[in-house]
Amino acid sequence: MNKKIRVRFAPSPTGPLHMGGVRTALFNYLFAKQNGGDFLLRIEDTDQNRYVEGAEEYINQALAWCGIKIDEGVKEGGNFAPYRQSDRKELYKKYAEILINSGNAYYAFDTAEDLEKMRKRLEEEKSSVRLYNRQTRMQMKNSFTLSAEELEKRINSGEKYVVRFNMPEDEKIEVKDMIRGKVVFDSSLLDDKVLYKSDGMPTYHLANIVDDKLMEISHVIRGEEWLPSLPLHVLLYRSLGWENDMPKFAHLSLLLKPNGKGKLSKRDGDKMGFPVFPLQWTDPKNGEISRGYKEDGYLPEAFVNIIALLGWNPGTEQEIMDINELIKNFDIYKVVKSGAKFDPEKAKWFNKQYISKLSDKKLAEIFTEKFEVQIGKAKQEYIQKVCSLVKERISLTGDFWTQASFFFEAPTEYDKKIVKKRWKEDTSEFMSQIIMLINKIGEADFVSINIENSIKEHIEKNELNFGKILNPLRLTLTGGGGGPHIFDIMETIGKLETVKRIETAIEKLQN
Ligand code: GLU
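One structure accompanies this document, and this report is about it.

The rules we used
Numbers given to residues run from 1 along each chain, matching the order in which its sequence is written. This being a predicted model, a pLDDT of at least 70 is required before a residue's local features are given, and a value of 80 or more before pairs of side-chain atoms are given or counted; all residues contribute to the totals for chains, interfaces and linings. The basis for the side-chain values is all heavy atoms of the structure; hydrogens and waters are excluded. For helices, the fitted axis covers only the stretch in contact; all axes are lines through C-alpha atoms, and the angles between them, taken along N-to-C directions, range from 0 to 180 degrees. Where helices and strands are cited, they refer to DSSP runs of H or I of at least four residues and of E of at least two residues respectively, numbered from the N terminus. Note on definitions: a residue-residue contact is assigned when non-hydrogen atoms from the two residues lie within 4.5 Å. Amino acids outside the nonpolar list (Ala, Val, Leu, Ile, Met, Phe, Trp, Tyr, Cys, Pro) and the charged list (Asp, Glu, Lys, Arg) are all regarded as polar, and Gly is one of them. The way it works is a 1 Å grid over only the protein atoms, where trapped points that fit a 1.4 Å probe form a cavity and open points with protein on both sides within 12 Å along at least five of seven lines form a pocket, and then any residue with an atom within 4 Å of a point lines it. Grid points are joined across faces, edges and corners, and a volume is the space filled by probe spheres set on the points. Think of it this way: DSSP has to see at least two bridges between two strands before they count as a pair. Throughout this description, buried means an accessible area under 20% of the type-specific maximum (1.4 Å probe, protein chains only), exposed means over 50%, and partly exposed covers the range between. Arc, as used here, means the arc of the directions from the helix axis to the C-beta atoms. Seen with its strands pointing away from the viewer, a crossover is right-handed when the path leading from the first strand over the helix to the second is clockwise. Grouping buried Ala, Val, Leu, Ile, Met, Phe, Trp, Tyr and Cys residues that are joined through side-chain atoms within 4.5 Å yields what is termed a nonpolar core. The pairing test for Phe, Tyr and Trp rings, Trp by its six-membered ring, is centres within 6.5 Å, and the orientation test on the planes gives stacked under 30 degrees, edge-to-face over 60, and tilted for anything in between. The rule is short: NZ of Lys or CZ of Arg within 6 Å of the ring centre and within 35 degrees of the ring normal puts a charge over the ring. To estimate how far a helix should extend, the number of its residues minus one is multiplied by 1.5 Å.

A word on the packing of helix 18 (residues 448-461) against helix 19 (residues 466-478). One way to put it is that helix 18 packs onto helix 19 with a least axis distance of 10 Å and a crossing angle of 140°. In this structure, helix 18 contributes I455, K456, I459 and E460 to the contact, and helix 19 contributes F466, I469, L470 and L473. Among the residues making up the contact of helix 18 with helix 19, the classes are represented as 6 nonpolar, no polar and 2 charged.

Take empty space enclosed by the protein next. Per the stated rule, a full pass over the model turns up 2 cavities of 30 Å³ or more. In this structure, the largest cavity spans a volume of roughly 50 Å³. Lining the largest cavity are K93, A96, E97, I100, Y107, Y161, V163 and Y196. Of the residues forming the lining of the largest cavity, the biggest block, 4 residues, is contributed by helix 3 (residues 89-101). For the lining of the largest cavity, the residue count by class is 6 nonpolar, no polar and 2 charged.

Spatial strand order, 3-4-7: 3 strands in an open sheet with antiparallel pairing. Edge positions in the sheet fall to strand 3 (105-108) and strand 7 (194-196), since each of these pairs with one other strand and no more. Sheet twist, expressed as the average angle between the axes of neighbouring strands with direction ignored, equals 45°. Summarising the sheet, strand 3 and strand 4 (residues 162-165) pair through 4 bridges and their orientation is antiparallel. Paired with A108 across the strands is V162, a residue of strand 4.

Along helix 3, the positions that sit buried rather than exposed are Y92, Y95, A96, L99 and I100. End-on, the buried residues of helix 3 take up no more than an arc of 145°, which puts them together on one face. The exposed set on the far side of helix 3, more than 90 degrees from its buried face, consists of E90 and N101. Looking at the buried residues of helix 3, the elements they touch are strand 3, strand 4, strand 7, helix 6 (204-214) and helix 7 (230-239). Positive backbone phi, approximately 80°, marks G103, located one or two places after helix 3.

Burial analysis of strand 9 (residues 248-252) places 4 of its 5 residues in the buried class, the great majority of the element. Sheet topology note: the strand 8 (residues 219-223)/strand 9 ladder contains 5 bridges and is parallel. Considered in strand 9, the bridge of I221 is made with A250. Regarding the hand of the β-α-β motif, the stretch spanning strand 8, helix 7 and strand 9 is right-handed.

Moving on, we come to the nonpolar core. The biggest cluster of nonpolar side chains holds 58 residues, and the ones touching the most others in it are M19, F39, L63, I332 and F342. Mapped by element, the contributors of at least two residues to this core are strand 1 (6-9), helix 1 (19-34), strand 2 (38-41), helix 2 (55-66), strand 9, helix 9 (300-308), helix 10 (323-329) and helix 11 (344-357). Per-element tally for this core: the top contributor is helix 1, with 9 residues. Setting aside residues no more than four positions away along its own chain, M19 makes contact with L255, L264, P275, V276, Y293, F303, I307, L310 and F342. Counting 51 residues, the second largest nonpolar core, distinct from the first, contains C387, A404, Y414 and L473.

All right, on to the packing of aromatic side chains then. Applying the stated criterion to the full structure yields 21 aromatic pairs. Summarising the aromatic geometry, the rings of Y293 and Y298 are spaced 4.9 Å apart at their centres and angled 75° between planes, so their arrangement reads as edge-to-face. The exposure class of Y293 is buried, given its relative accessible area of 2%. For Y298, a relative accessible area of 8% corresponds to the buried category. In this structure an aromatic cluster arises from ring pairing among F367, F371, Y382, F400, W401 and F408. Directly above the aromatic system of Y132 lies the positively charged group of R164, at a separation of 3.6 Å from the ring centroid. A cation over an aromatic ring shows up here: K357 above the ring of Y354, its NZ or CZ 4.7 Å from the ring centre.

This part takes up helix 17 (residues 427-440). Given 3.6 residues per helical turn, the α-helix brings residues three or four places apart onto the same face. The end-to-end C-alpha separation of helix 17 is 20 Å, in line with the 20 Å expected for 14 residues at 1.5 Å each. In this structure, the buried side of helix 17 is in contact with helix 16 (416-422), helix 18, helix 19, helix 20 (486-493) and helix 21 (495-509).

Right under this line is the structure:
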(Lines give C-alpha, C1' and ligand atoms only; values in the text may rest on other atoms or scores of the structure.)
Protein backbone atom coordinates (compact mmCIF):
# COMPACT_ATOMS: atom_id res chain seq x y z
CA MET A 1 0.00 0.00 0.00
CA ASN A 2 1.21 3.46 -0.80
CA LYS A 3 2.05 5.68 2.12
CA LYS A 4 -0.33 8.53 2.85
CA ILE A 5 1.02 11.77 1.44
CA ARG A 6 2.15 13.95 4.30
CA VAL A 7 4.23 17.06 3.78
CA ARG A 8 5.45 19.70 6.12
CA PHE A 9 6.44 23.32 5.92
CA ALA A 10 9.17 23.68 8.52
CA PRO A 11 10.24 27.30 8.91
CA SER A 12 12.56 28.58 11.58
CA PRO A 13 11.04 31.58 13.34
CA THR A 14 13.94 33.87 12.58
CA GLY A 15 11.97 36.70 10.96
CA PRO A 16 9.11 37.34 8.56
CA LEU A 17 8.41 34.83 5.83
CA HIS A 18 9.98 35.84 2.52
CA MET A 19 8.09 35.29 -0.76
CA GLY A 20 10.37 32.32 -1.38
CA GLY A 21 9.20 30.80 1.91
CA VAL A 22 5.58 31.34 0.93
CA ARG A 23 6.26 29.55 -2.34
CA THR A 24 7.77 26.58 -0.48
CA ALA A 25 4.70 26.43 1.76
CA LEU A 26 2.37 26.78 -1.23
CA PHE A 27 4.03 24.05 -3.30
CA ASN A 28 3.87 21.71 -0.31
CA TYR A 29 0.21 22.59 0.16
CA LEU A 30 -0.71 22.12 -3.51
CA PHE A 31 1.10 18.81 -3.64
CA ALA A 32 -0.60 17.57 -0.47
CA LYS A 33 -4.08 18.66 -1.51
CA GLN A 34 -3.93 17.23 -5.02
CA ASN A 35 -3.03 13.90 -3.46
CA GLY A 36 -5.56 13.95 -0.65
CA GLY A 37 -2.69 14.37 1.78
CA ASP A 38 -1.91 16.35 4.91
CA PHE A 39 -0.09 19.65 5.20
CA LEU A 40 1.78 20.19 8.45
CA LEU A 41 3.34 23.30 9.90
CA ARG A 42 6.32 22.49 12.07
CA ILE A 43 8.21 25.26 13.82
CA GLU A 44 11.94 24.57 13.82
CA ASP A 45 13.21 26.70 16.65
CA THR A 46 16.14 24.69 17.96
CA ASP A 47 18.55 27.55 17.34
CA GLN A 48 17.59 29.79 20.23
CA ASN A 49 20.13 32.44 19.23
CA ARG A 50 18.25 33.16 16.04
CA TYR A 51 14.79 33.23 17.57
CA VAL A 52 12.85 36.37 16.71
CA GLU A 53 9.87 37.54 18.72
CA GLY A 54 6.64 37.49 16.72
CA ALA A 55 8.02 35.49 13.79
CA GLU A 56 5.98 32.36 14.53
CA GLU A 57 2.77 34.36 14.77
CA TYR A 58 3.68 36.11 11.53
CA ILE A 59 4.12 32.77 9.76
CA ASN A 60 0.67 31.65 10.91
CA GLN A 61 -0.95 34.88 9.82
CA ALA A 62 0.80 34.89 6.46
CA LEU A 63 -0.30 31.35 5.64
CA ALA A 64 -3.84 32.14 6.77
CA TRP A 65 -3.95 35.23 4.56
CA CYS A 66 -2.83 33.15 1.59
CA GLY A 67 -5.57 30.62 2.25
CA ILE A 68 -3.08 27.84 2.95
CA LYS A 69 -4.88 25.68 5.49
CA ILE A 70 -2.85 23.78 8.02
CA ASP A 71 -4.00 20.26 8.84
CA GLU A 72 -1.61 19.76 11.74
CA GLY A 73 0.43 22.36 13.57
CA VAL A 74 1.16 24.14 16.82
CA LYS A 75 -2.26 25.79 16.94
CA GLU A 76 -4.22 23.14 15.10
CA GLY A 77 -2.82 20.21 17.08
CA GLY A 78 -2.73 16.70 15.60
CA ASN A 79 -1.77 13.12 16.32
CA PHE A 80 1.93 13.89 16.17
CA ALA A 81 1.98 16.86 18.56
CA PRO A 82 3.87 18.81 19.67
CA TYR A 83 4.75 20.56 16.43
CA ARG A 84 7.20 23.07 17.81
CA GLN A 85 10.69 21.60 18.14
CA SER A 86 11.56 23.37 21.39
CA ASP A 87 8.56 21.56 22.91
CA ARG A 88 10.01 18.26 21.68
CA LYS A 89 13.44 18.88 23.19
CA GLU A 90 13.48 15.77 25.40
CA LEU A 91 12.93 13.53 22.46
CA TYR A 92 16.07 14.08 20.45
CA LYS A 93 18.74 13.07 22.97
CA LYS A 94 17.75 9.44 22.65
CA TYR A 95 18.50 9.48 18.92
CA ALA A 96 21.85 11.19 19.46
CA GLU A 97 22.69 8.36 21.85
CA ILE A 98 21.56 5.68 19.40
CA LEU A 99 23.89 7.21 16.83
CA ILE A 100 26.78 7.30 19.32
CA ASN A 101 26.22 3.70 20.35
CA SER A 102 26.21 2.50 16.77
CA GLY A 103 29.43 4.40 16.03
CA ASN A 104 27.71 6.82 13.66
CA ALA A 105 28.28 9.78 15.93
CA TYR A 106 30.77 10.78 18.59
CA TYR A 107 31.39 13.21 21.42
CA ALA A 108 33.54 16.27 20.91
CA PHE A 109 34.73 18.62 23.65
CA ASP A 110 36.42 21.33 21.65
CA THR A 111 35.82 24.84 22.86
CA ALA A 112 35.23 27.79 20.58
CA GLU A 113 38.92 28.66 21.02
CA ASP A 114 40.02 25.14 20.06
CA LEU A 115 38.01 25.41 16.88
CA GLU A 116 39.42 28.83 16.10
CA LYS A 117 42.95 27.49 16.65
CA MET A 118 42.26 24.62 14.28
CA ARG A 119 41.00 27.03 11.65
CA LYS A 120 44.10 29.20 11.94
CA ARG A 121 46.45 26.22 11.86
CA LEU A 122 44.86 24.85 8.69
CA GLU A 123 45.04 28.26 7.13
CA GLU A 124 48.75 28.59 7.96
CA GLU A 125 49.47 25.12 6.67
CA LYS A 126 47.62 26.12 3.48
CA SER A 127 45.75 22.89 3.90
CA SER A 128 43.17 22.02 1.30
CA VAL A 129 40.88 20.82 4.11
CA ARG A 130 39.28 23.42 6.30
CA LEU A 131 36.63 21.22 7.85
CA TYR A 132 36.20 19.27 11.06
CA ASN A 133 36.34 15.89 9.42
CA ARG A 134 38.01 12.50 9.29
CA GLN A 135 41.42 14.06 8.69
CA THR A 136 41.38 16.93 11.13
CA ARG A 137 39.44 15.39 13.99
CA MET A 138 42.47 13.38 15.08
CA GLN A 139 44.04 16.60 16.36
CA MET A 140 40.96 17.58 18.34
CA LYS A 141 39.34 16.57 21.64
CA ASN A 142 36.81 13.87 20.90
CA SER A 143 35.88 10.21 21.20
CA PHE A 144 38.63 9.30 18.72
CA THR A 145 41.46 11.02 20.54
CA LEU A 146 40.48 10.68 24.22
CA SER A 147 40.69 7.44 26.16
CA ALA A 148 37.47 5.77 27.30
CA GLU A 149 38.15 6.76 30.92
CA GLU A 150 38.92 10.35 30.02
CA LEU A 151 35.74 10.52 27.98
CA GLU A 152 33.64 9.19 30.82
CA LYS A 153 35.28 11.50 33.32
CA ARG A 154 34.55 14.55 31.19
CA ILE A 155 30.95 13.58 30.63
CA ASN A 156 30.35 12.74 34.30
CA SER A 157 31.89 15.97 35.47
CA GLY A 158 29.33 17.84 33.38
CA GLU A 159 31.79 19.22 30.85
CA LYS A 160 30.13 20.69 27.82
CA TYR A 161 30.18 18.60 24.68
CA VAL A 162 28.59 18.33 21.30
CA VAL A 163 27.73 15.21 19.33
CA ARG A 164 29.15 15.09 15.82
CA PHE A 165 28.24 12.85 12.93
CA ASN A 166 30.90 10.35 11.92
CA MET A 167 30.96 11.08 8.20
CA PRO A 168 31.99 7.97 6.26
CA GLU A 169 35.12 8.03 4.16
CA ASP A 170 35.03 8.31 0.39
CA GLU A 171 31.48 7.42 -0.26
CA LYS A 172 29.31 8.46 -3.15
CA ILE A 173 25.85 9.35 -1.88
CA GLU A 174 23.23 9.23 -4.57
CA VAL A 175 19.76 10.68 -4.18
CA LYS A 176 16.92 11.12 -6.60
CA ASP A 177 15.46 14.58 -6.33
CA MET A 178 11.93 15.00 -7.73
CA ILE A 179 12.96 18.19 -9.50
CA ARG A 180 16.66 17.73 -10.17
CA GLY A 181 16.81 14.05 -10.95
CA LYS A 182 19.87 12.17 -9.72
CA VAL A 183 22.19 14.15 -7.45
CA VAL A 184 25.49 12.72 -6.28
CA PHE A 185 27.56 13.84 -3.30
CA ASP A 186 31.05 12.88 -2.24
CA SER A 187 31.30 12.21 1.50
CA SER A 188 34.99 13.07 1.59
CA LEU A 189 34.06 16.70 0.96
CA LEU A 190 31.65 16.82 3.88
CA ASP A 191 32.32 17.60 7.52
CA ASP A 192 31.40 15.88 10.75
CA LYS A 193 28.36 18.07 11.37
CA VAL A 194 27.20 18.81 14.88
CA LEU A 195 23.96 16.96 15.61
CA TYR A 196 23.48 17.79 19.24
CA LYS A 197 24.64 20.93 21.01
CA SER A 198 26.02 21.60 24.46
CA ASP A 199 22.81 23.45 25.42
CA GLY A 200 20.90 20.17 25.23
CA MET A 201 19.26 21.06 21.95
CA PRO A 202 19.57 19.13 18.72
CA THR A 203 20.78 20.99 15.65
CA TYR A 204 18.50 21.45 12.69
CA HIS A 205 19.82 18.31 11.00
CA LEU A 206 19.04 15.85 13.77
CA ALA A 207 15.72 17.39 14.79
CA ASN A 208 14.58 17.64 11.18
CA ILE A 209 15.27 14.00 10.39
CA VAL A 210 13.83 12.67 13.64
CA ASP A 211 10.68 14.71 13.23
CA ASP A 212 10.18 13.89 9.57
CA LYS A 213 10.40 10.22 10.47
CA LEU A 214 8.19 10.40 13.58
CA MET A 215 5.63 12.60 11.83
CA GLU A 216 5.54 10.16 8.92
CA ILE A 217 6.46 12.74 6.32
CA SER A 218 6.33 11.25 2.84
CA HIS A 219 7.77 14.12 0.78
CA VAL A 220 10.15 16.91 1.68
CA ILE A 221 9.71 19.95 -0.54
CA ARG A 222 12.05 22.75 0.46
CA GLY A 223 14.41 25.44 -0.76
CA GLU A 224 17.58 24.76 -2.69
CA GLU A 225 19.67 26.12 0.19
CA TRP A 226 19.09 22.76 1.90
CA LEU A 227 20.48 20.69 -0.94
CA PRO A 228 24.01 20.62 0.55
CA SER A 229 22.51 19.10 3.72
CA LEU A 230 20.84 16.32 1.78
CA PRO A 231 23.71 13.78 1.90
CA LEU A 232 23.93 14.14 5.67
CA HIS A 233 20.19 13.68 5.94
CA VAL A 234 20.29 10.57 3.80
CA LEU A 235 23.12 9.17 5.92
CA LEU A 236 21.19 9.93 9.10
CA TYR A 237 18.20 7.95 7.84
CA ARG A 238 20.53 5.12 7.05
CA SER A 239 22.38 5.28 10.35
CA LEU A 240 19.16 5.23 12.31
CA GLY A 241 17.93 2.24 10.32
CA TRP A 242 15.14 4.28 8.76
CA GLU A 243 16.18 3.99 5.14
CA ASN A 244 12.87 2.49 4.10
CA ASP A 245 10.96 5.37 5.63
CA MET A 246 13.04 8.03 3.99
CA PRO A 247 10.83 10.68 2.35
CA LYS A 248 11.23 11.70 -1.27
CA PHE A 249 12.96 15.03 -1.76
CA ALA A 250 12.32 18.04 -3.96
CA HIS A 251 14.57 21.10 -3.78
CA LEU A 252 13.12 24.30 -5.21
CA SER A 253 15.34 26.75 -6.99
CA LEU A 254 15.90 30.29 -5.75
CA LEU A 255 13.77 33.31 -6.50
CA LEU A 256 15.82 35.75 -8.52
CA LYS A 257 15.86 39.53 -8.81
CA PRO A 258 13.76 41.02 -11.65
CA ASN A 259 16.89 41.26 -13.82
CA GLY A 260 17.68 37.61 -13.14
CA LYS A 261 21.00 38.44 -11.54
CA GLY A 262 21.18 36.93 -8.08
CA LYS A 263 18.89 36.03 -5.26
CA LEU A 264 15.86 38.22 -4.58
CA SER A 265 16.44 40.08 -1.33
CA LYS A 266 14.55 42.53 0.80
CA ARG A 267 16.96 45.22 -0.35
CA ASP A 268 15.95 44.66 -4.00
CA GLY A 269 12.35 45.18 -3.01
CA ASP A 270 13.15 48.37 -1.13
CA LYS A 271 15.21 49.66 -4.03
CA MET A 272 12.69 48.85 -6.72
CA GLY A 273 9.58 49.60 -4.72
CA PHE A 274 7.91 46.25 -4.18
CA PRO A 275 7.44 44.14 -1.05
CA VAL A 276 9.14 40.78 -0.58
CA PHE A 277 6.94 39.78 2.36
CA PRO A 278 3.28 38.75 2.25
CA LEU A 279 2.32 40.90 5.24
CA GLN A 280 3.85 44.01 6.71
CA TRP A 281 6.47 43.23 9.34
CA THR A 282 7.73 45.39 12.17
CA ASP A 283 11.18 44.40 13.33
CA PRO A 284 10.89 43.96 17.11
CA LYS A 285 14.51 45.05 17.61
CA ASN A 286 14.49 48.43 15.91
CA GLY A 287 10.88 49.05 14.95
CA GLU A 288 11.80 49.08 11.26
CA ILE A 289 8.79 48.39 9.06
CA SER A 290 8.93 46.22 5.94
CA ARG A 291 6.13 46.43 3.42
CA GLY A 292 3.74 43.59 2.77
CA TYR A 293 1.71 42.58 -0.28
CA LYS A 294 -1.50 42.73 1.73
CA GLU A 295 -0.95 46.29 2.89
CA ASP A 296 0.27 47.28 -0.57
CA GLY A 297 -3.16 46.41 -1.94
CA TYR A 298 -2.82 42.89 -3.30
CA LEU A 299 -5.64 40.38 -3.02
CA PRO A 300 -4.49 37.12 -1.44
CA GLU A 301 -5.85 35.12 -4.40
CA ALA A 302 -3.73 37.15 -6.81
CA PHE A 303 -0.67 36.90 -4.61
CA VAL A 304 -1.00 33.12 -4.41
CA ASN A 305 -1.43 32.89 -8.19
CA ILE A 306 1.71 34.99 -8.72
CA ILE A 307 3.74 32.91 -6.28
CA ALA A 308 2.58 29.62 -7.82
CA LEU A 309 3.95 30.67 -11.20
CA LEU A 310 7.45 31.30 -9.91
CA GLY A 311 9.29 28.32 -11.29
CA TRP A 312 6.24 26.42 -12.44
CA ASN A 313 3.59 26.78 -15.14
CA PRO A 314 0.78 24.51 -16.28
CA GLY A 315 2.29 24.10 -19.77
CA THR A 316 -0.66 25.93 -21.33
CA GLU A 317 -1.42 29.59 -21.94
CA GLN A 318 -3.49 29.75 -18.80
CA GLU A 319 -2.11 32.13 -16.21
CA ILE A 320 -5.06 33.04 -14.01
CA MET A 321 -5.74 30.16 -11.67
CA ASP A 322 -7.47 30.16 -8.33
CA ILE A 323 -6.32 27.88 -5.58
CA ASN A 324 -8.55 25.00 -6.70
CA GLU A 325 -7.25 25.17 -10.25
CA LEU A 326 -3.73 25.34 -8.89
CA ILE A 327 -4.34 22.23 -6.82
CA LYS A 328 -5.65 20.49 -9.92
CA ASN A 329 -2.91 21.61 -12.32
CA PHE A 330 0.22 21.77 -10.17
CA ASP A 331 2.94 19.28 -11.00
CA ILE A 332 5.98 19.11 -8.76
CA TYR A 333 7.88 17.20 -11.46
CA LYS A 334 7.49 20.18 -13.80
CA VAL A 335 9.01 22.71 -11.43
CA VAL A 336 12.08 24.19 -13.09
CA LYS A 337 15.60 23.60 -11.87
CA SER A 338 16.82 27.07 -12.76
CA GLY A 339 16.10 30.15 -10.69
CA ALA A 340 12.73 31.86 -11.06
CA LYS A 341 12.76 35.54 -11.94
CA PHE A 342 10.29 37.74 -10.11
CA ASP A 343 8.59 40.43 -12.19
CA PRO A 344 6.90 43.07 -10.00
CA GLU A 345 5.05 44.63 -12.96
CA LYS A 346 3.54 41.31 -13.91
CA ALA A 347 2.53 40.88 -10.29
CA LYS A 348 0.53 44.10 -10.50
CA TRP A 349 -1.06 42.91 -13.72
CA PHE A 350 -2.24 39.76 -11.96
CA ASN A 351 -3.76 41.78 -9.18
CA LYS A 352 -5.61 43.96 -11.67
CA GLN A 353 -7.10 40.87 -13.32
CA TYR A 354 -8.31 39.57 -9.98
CA ILE A 355 -9.80 42.91 -8.99
CA SER A 356 -11.69 43.22 -12.26
CA LYS A 357 -13.09 39.72 -11.76
CA LEU A 358 -14.53 40.42 -8.33
CA SER A 359 -18.21 41.28 -7.91
CA ASP A 360 -19.09 44.86 -7.07
CA LYS A 361 -20.44 43.62 -3.78
CA LYS A 362 -17.17 41.97 -2.78
CA LEU A 363 -15.11 44.94 -3.95
CA ALA A 364 -17.34 47.31 -2.00
CA GLU A 365 -16.66 45.25 1.12
CA ILE A 366 -12.92 45.33 0.55
CA PHE A 367 -12.81 49.06 -0.10
CA THR A 368 -15.15 49.89 2.75
CA GLU A 369 -12.80 48.11 5.10
CA LYS A 370 -9.70 49.76 3.68
CA PHE A 371 -11.15 53.27 3.42
CA GLU A 372 -13.55 53.17 6.33
CA VAL A 373 -12.78 56.72 7.47
CA GLN A 374 -12.88 58.33 4.03
CA ILE A 375 -15.97 56.51 2.83
CA GLY A 376 -17.83 57.48 5.99
CA LYS A 377 -21.53 56.73 5.99
CA ALA A 378 -22.05 56.02 2.27
CA LYS A 379 -24.49 53.19 1.62
CA GLN A 380 -23.21 49.84 0.36
CA GLU A 381 -25.42 50.12 -2.70
CA TYR A 382 -23.80 53.43 -3.60
CA ILE A 383 -20.29 52.06 -3.02
CA GLN A 384 -21.10 49.09 -5.23
CA LYS A 385 -22.21 51.37 -8.02
CA VAL A 386 -18.96 53.32 -7.72
CA CYS A 387 -17.05 50.02 -7.84
CA SER A 388 -18.74 49.06 -11.08
CA LEU A 389 -17.54 52.32 -12.62
CA VAL A 390 -13.94 52.33 -11.43
CA LYS A 391 -12.90 48.70 -11.09
CA GLU A 392 -11.30 48.50 -14.53
CA ARG A 393 -8.95 51.29 -13.47
CA ILE A 394 -7.65 49.67 -10.31
CA SER A 395 -4.45 47.62 -10.02
CA LEU A 396 -3.95 47.76 -6.26
CA THR A 397 -6.77 48.17 -3.75
CA GLY A 398 -5.24 51.47 -2.64
CA ASP A 399 -5.92 52.88 -6.13
CA PHE A 400 -9.61 52.91 -5.26
CA TRP A 401 -9.37 56.21 -3.43
CA THR A 402 -7.32 57.87 -6.16
CA GLN A 403 -9.89 56.76 -8.71
CA ALA A 404 -13.06 57.25 -6.73
CA SER A 405 -12.62 59.89 -4.03
CA PHE A 406 -14.80 62.42 -5.92
CA PHE A 407 -17.78 60.09 -5.58
CA PHE A 408 -17.62 60.65 -1.85
CA GLU A 409 -16.45 64.22 -1.50
CA ALA A 410 -16.78 67.25 -3.75
CA PRO A 411 -13.48 68.54 -5.10
CA THR A 412 -11.95 71.24 -2.95
CA GLU A 413 -9.27 72.04 -5.49
CA TYR A 414 -9.06 71.92 -9.26
CA ASP A 415 -6.08 70.65 -11.23
CA LYS A 416 -4.23 73.84 -12.09
CA LYS A 417 -2.94 72.69 -15.45
CA ILE A 418 -6.36 71.63 -16.59
CA VAL A 419 -7.92 74.84 -15.36
CA LYS A 420 -5.39 76.82 -17.33
CA LYS A 421 -5.97 74.82 -20.46
CA ARG A 422 -9.74 74.31 -20.29
CA TRP A 423 -11.36 77.08 -18.30
CA LYS A 424 -11.74 79.95 -20.73
CA GLU A 425 -13.61 83.21 -20.48
CA ASP A 426 -16.82 81.75 -21.86
CA THR A 427 -16.69 78.51 -19.85
CA SER A 428 -18.73 79.81 -16.92
CA GLU A 429 -21.51 80.75 -19.30
CA PHE A 430 -21.46 77.28 -20.88
CA MET A 431 -21.55 75.67 -17.47
CA SER A 432 -24.54 77.78 -16.47
CA GLN A 433 -26.32 76.52 -19.57
CA ILE A 434 -25.55 72.95 -18.50
CA ILE A 435 -27.14 73.65 -15.13
CA MET A 436 -30.25 74.84 -16.89
CA LEU A 437 -30.36 71.70 -18.99
CA ILE A 438 -29.94 69.50 -15.95
CA ASN A 439 -32.68 71.30 -14.11
CA LYS A 440 -35.04 70.43 -16.89
CA ILE A 441 -34.48 66.71 -16.32
CA GLY A 442 -36.72 65.31 -13.62
CA GLU A 443 -35.14 63.65 -10.58
CA ALA A 444 -36.35 60.19 -11.64
CA ASP A 445 -35.09 60.63 -15.21
CA PHE A 446 -31.66 61.74 -14.11
CA VAL A 447 -29.83 58.75 -15.57
CA SER A 448 -26.68 58.64 -17.65
CA ILE A 449 -28.28 58.18 -21.05
CA ASN A 450 -30.84 60.96 -20.62
CA ILE A 451 -28.21 63.39 -19.38
CA GLU A 452 -25.97 62.46 -22.28
CA ASN A 453 -28.73 62.94 -24.87
CA SER A 454 -29.74 66.27 -23.47
CA ILE A 455 -26.22 67.69 -23.29
CA LYS A 456 -25.19 66.33 -26.69
CA GLU A 457 -28.30 67.71 -28.29
CA HIS A 458 -27.54 71.10 -26.78
CA ILE A 459 -23.96 71.00 -28.06
CA GLU A 460 -24.98 70.00 -31.55
CA LYS A 461 -27.86 72.42 -31.78
CA ASN A 462 -25.67 75.34 -30.80
CA GLU A 463 -22.74 74.11 -32.87
CA LEU A 464 -20.50 74.04 -29.81
CA ASN A 465 -17.33 72.09 -29.40
CA PHE A 466 -17.64 68.87 -27.35
CA GLY A 467 -14.25 69.24 -25.70
CA LYS A 468 -14.94 72.80 -24.71
CA ILE A 469 -17.96 71.70 -22.74
CA LEU A 470 -17.17 68.22 -21.50
CA ASN A 471 -13.63 68.83 -20.28
CA PRO A 472 -14.47 71.72 -17.96
CA LEU A 473 -17.64 69.91 -16.92
CA ARG A 474 -15.57 66.96 -15.79
CA LEU A 475 -13.28 69.35 -13.96
CA THR A 476 -16.21 70.78 -11.97
CA LEU A 477 -17.31 67.31 -10.91
CA THR A 478 -14.01 65.59 -10.19
CA GLY A 479 -11.46 68.34 -9.81
CA GLY A 480 -9.31 66.72 -12.48
CA GLY A 481 -9.02 65.04 -15.84
CA GLY A 482 -9.57 61.29 -16.26
CA GLY A 483 -12.13 58.98 -14.75
CA PRO A 484 -15.22 57.03 -15.76
CA HIS A 485 -17.80 58.13 -18.32
CA ILE A 486 -18.84 61.64 -17.29
CA PHE A 487 -22.60 61.04 -17.52
CA ASP A 488 -22.25 57.96 -15.30
CA ILE A 489 -20.53 60.13 -12.74
CA MET A 490 -23.40 62.61 -12.87
CA GLU A 491 -26.02 59.93 -12.51
CA THR A 492 -24.17 58.39 -9.57
CA ILE A 493 -23.60 61.52 -7.52
CA GLY A 494 -27.14 62.67 -8.39
CA LYS A 495 -28.79 65.76 -9.75
CA LEU A 496 -28.53 67.98 -6.69
CA GLU A 497 -24.88 67.26 -6.10
CA THR A 498 -24.06 67.69 -9.78
CA VAL A 499 -25.63 71.12 -9.88
CA LYS A 500 -23.98 72.10 -6.63
CA ARG A 501 -20.56 71.13 -7.90
CA ILE A 502 -20.92 73.01 -11.15
CA GLU A 503 -22.11 76.09 -9.27
CA THR A 504 -19.20 75.92 -6.84
CA ALA A 505 -16.72 75.59 -9.69
CA ILE A 506 -18.18 78.56 -11.54
CA GLU A 507 -17.87 80.60 -8.39
CA LYS A 508 -14.30 79.56 -7.74
CA LEU A 509 -12.96 79.56 -11.27
CA GLN A 510 -14.52 82.49 -13.06
CA ASN A 511 -12.33 85.50 -12.95
N1 GLU B 1 13.98 24.89 9.27
C2 GLU B 1 14.40 24.86 7.91
C3 GLU B 1 14.14 26.24 7.31
O4 GLU B 1 14.12 27.18 8.04
C5 GLU B 1 13.64 23.78 7.19
C6 GLU B 1 14.34 23.16 6.05
C7 GLU B 1 13.61 21.89 5.63
O8 GLU B 1 12.49 22.03 5.15
O9 GLU B 1 14.14 20.83 5.83
O10 GLU B 1 13.95 26.45 6.15
